[in-house]
Every structure is written in C-alpha cells, then in structure tokens.
Amino acid sequence: MENSQPPLAPGLYLVATPIGNLEDITLRALRVLRSVDRIACEDTRQTQKLLNHYGIQTRTVSYHLHNEAPRAEELLADLRQGGRIALVSDAGTPCIADPGAALVQAAVAAGVAVYPIPGANAALSALTASGLNAETFVFYGFLPSKQGSRRTLLERLALEGATKEGGHGETGTHPPTLVFYETPHRIVEALADVELAFGAQRRIVVARELTKLHEEFVRGAASEVRQDFAQRPVIRGEMVLLIEGAGAAGASAAAAPAQTIGQQVAALMRESGMSEMDALKRVAKERGMGKSEAYREFQRERNKV
Ligand code: SAM
C-alpha cells in the first residue's frame, strides 16, 4: 500500500509524535518520517527510540533551542533546493511549547511549502477529556516559573475573565477555558496561586501522564485539587492545568449551583482561612464588581437573613 503512494513533495513537514503512548502516531506521519531526506529533532536520541520502534532508518539532525538559528539557516538552504525535511520535537506537536517556530517562519518567508502532519498534543488531549468548556479556550503554554510573574499573570486573567463575564452571554459564546503546561515540582505552588487568584471554588482540572500507564484526571474546586496534590508524598509526571472560565455555563455549572456573595465569602474564609474583608475583596474581583458595590450587596444579603 505504501508503495502506491506518490513520492513526497519537497517542503518542510511538521510531524506530531506521541506524548507517551507509541501507538499515538498517524500512518501518514510514519510514511513522511520514512520518506523525507532528513528528520530535524529536538533530541536525536529521543526520536531514535521512536524510529527504532517503527523500523525507520531516515537520517536525523539536531534542531533545538540552542542551535535553532544556525540550524534553521542550514535546513532552509536544503529546503530551497527542493529538499524534504521533517521537523519533530521530543513529544507532541512541534512549535507548541517546543522549538520549530523560527524554522517555520523562515520557510514561509522563503516561499517553501510547510505541511502540518497532525497528531498528539497534550493541551488538546487534556482539554477534550477535562469536562470543561472545550468549545472556546486559550492556551498559554508554560506558567511562569517565578512566583511573582505567575501571580501577576493569573490575577490579570482572573480579572479579565470576571470583567468579560457579562459579554459572553450577550455574544452567545462560553467563557474560554484557560490551559497551561506545568511541571511536577511547581504544581503545588501553582495551584496555590490559582486558588488565590481565582478563588477556592473555581473549577479546575489537572491532567497528568496523558496516554501513559498512570494517566490521571484530578477534577474539582481549586482548593480540593490543591489539597489533593499538596498531600501527595511525591508528585511525578507531566501535567496540564486547566481553569474553567469565569461564570462558565454547562454541565459543571449545573453541578455547582451559583453561589451568592455571602456564600462565596463564607466558603473562602472556611477554606483559605482568609479574613472576611480579604474574602470579600477576592469575590468582588472574581465577579468584576467594585469593592463598595460588593460590600453593599453583601450587607443587603446579610440583612435579609
Ligand atoms: N509539544 C508538546 C505538545 O504538543 O503537547 C508539548 C511540549 S512541552 C515542552 C512539554 C509539556 O507538555 C510538559 O511539561 C507537560 O506540561 C505537557 N505534556 C507533555 N506530555 C504530556 C502528557 N503525556 N501528559 C500531560 N502533560 C503532558
């Protein structure tokens, strides 16, 4: 069957490779890897394991963060002369939190054909099985490793989500799910910052070791998921962190009925040990309300009881 395929056209092929399970590679990806002149790899040793598994003998060359610019020039020279080159990363889709963008941009600018060969990707795999809104989402790649920058980003996103909440209903779109990559040694700190920025009740999901033996989805309120990871003696594996959009409708919202300001404040005080005033400020921020407006509503609710 493979012999009946026409020869591969010249150009740059962006080939997605498995993110854990070696079976997660398409027939087309295997044919391309077999047929190109060279495979540019993030780590040639890592890719060699995949090539050995499928009996592919194509030559490999390294293409990673530290030689991206000179290697891109060299590969481009080949491509301009009608070469056929595949680009792969260690796992998943090249250019997605992985090297490749510089070469693609150079190829596009030089008028070289660029072919995506789709396949595994951790963010999309996590999103589709998360149970959160997968219709609209924003992917941010890795969360900043420094606590200050991470908190600033998360607080900005929490605020943006809260202030856009009204608009989503008007346009009929769902608030987007936020998707991040995170490492096992930072996940607990990151979850604490998510809880701080988005509140203890925000629904989140951590998808760990996707497509591997110990694949796991931890779903729940931010405080529950943080506690789950905080009490583990060791945390291993690769992971994707997903945060439900502010005021998201659908199954998850139905499972967790909307809370009043007073209920939200009480939950935050109970779960995070915050003072009433801090909890009220957080809730105001989450809802995109001014502090005094939130305070008045809080008092009105209290007076009704
Ligand atoms: N290009 C890849 C893709 O398409 O998903 C991502 C590469 S990025 C350098 C690696 C990060 O992706 C990991 O730190 C983790 O956050 C996420 N990741 C990769 N494989 C994963 C898996 N099997 N399960 C969960 N997350 C994974």
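Residues numbered from 1 in each chain as written. Predicted model: local features only at pLDDT ≥ 70, side-chain atom pairs only at ≥ 80, totals over all residues. Heavy atoms only, no water.

A.B. asks: What is the right way to read the packing of aromatic side chains from this model?
C.D. replies: Two aromatic rings are characterised by how far apart their centres lie and by the angle between their planes. With the rule as written, the count across this model stands at four aromatic pairs. Between Tyr13 and Tyr115 the ring centres are 4.7 Å apart and the planes differ by 25 degrees, which places this aromatic pair in the stacked class. Here Tyr13, found in strand S1 (residues 11–15), pairs with Tyr115, found in strand S5 (residues 114–117); they are 102 residues apart in sequence, far enough to count as distant. An angle of 20 degrees between the planes, with centres 5.3 Å apart, marks the rings of Tyr140 and Phe180 as stacked. Remark: Phe180 occurs in strand S7 (residues 177–182) and Tyr140 occurs in strand S6 (residues 137–142); sequence separation between them is 40 residues. If you follow Arg232 out to its NZ or CZ, it ends over the ring of Phe229, 4.2 Å from the centre. (Phe/Tyr/Trp six-rings, centres within 6.5 Å; stacked < 30°, edge-to-face > 60°. Helix = DSSP H or I, 4+ residues; strand = E, 2+ residues; numbered from the N terminus. Lys NZ or Arg CZ within 6 Å of the ring centre and 35° of its normal.)

A.B. asks: How do you make sense of helix H4 (residues 101–109) when you look at a structure like this?
C.D. replies: One turn of the α-helix equals 3.6 residues, which is why residues spaced by three or four share an orientation. The complete set of buried residues in H4 reads Leu103, Val104 and Ala107. The buried side chains of H4 occupy one side of the element, clustering within an arc of 100 degrees when seen end-on. In H4, the exposed positions that point more than 90 degrees away from the buried face belong to Gln105 and Ala109. Turning to H4, the residues buried within the fold contact S1, helix H3 (68–80), strand S4 (84–88) and S5. Positive backbone phi, at 75 degrees, marks Gly111, one or two positions downstream of H4. (Buried < 20%, exposed > 50% of the residue type's maximum accessible area, 1.4 Å probe, protein only. Arc of directions from axis to C-beta. Contact = heavy atoms within 4.5 Å.)

A.B. asks: Can you walk me through the confidence of the model for the protein chain in this structure?
C.D. replies: Interpretation of the predicted coordinates at a detailed level should be avoided for regions scoring low in pLDDT. Mean pLDDT over the protein chain works out to 89, with 90% of the residues at or above the 70 mark. Within the model, pLDDT remains below 50 along residues 166–171, and this stretch shows four contacts once partners closer than five positions in the same chain are excluded. Contacts from residues 249–257, a stretch scored under 50 in pLDDT, to residues over four places away or in other chains number four contacts. (pLDDT = per-residue confidence, 0-100.)

A.B. asks: Mind showing me how you'd approach the nonpolar core here?
C.D. replies: Across soluble globular proteins, nonpolar side chains have a tendency to be buried as a group. In terms of nonpolar packing, the biggest core is built from 22 residues, with Phe180 and Phe198 touching the most fellow members. Going through the elements one at a time, helix H6 (147–171), S7, helix H7 (187–198), strand S8 (203–208), helix H8 (222–230) and strand S10 (239–243) are the ones with two or more residues in this core. The dominant element in this core, judged by the number of residues it contributes, is H7, at six residues. Ignoring sequence-local partners within four residues, the contact set of Phe180 consists of Tyr140, Gly141, Leu143, Leu153, Leu154, Leu157, Met239, Val240, Leu241 and Ile243. (Core = buried A, V, L, I, M, F, W, Y, C linked by side-chain atoms within 4.5 Å.)

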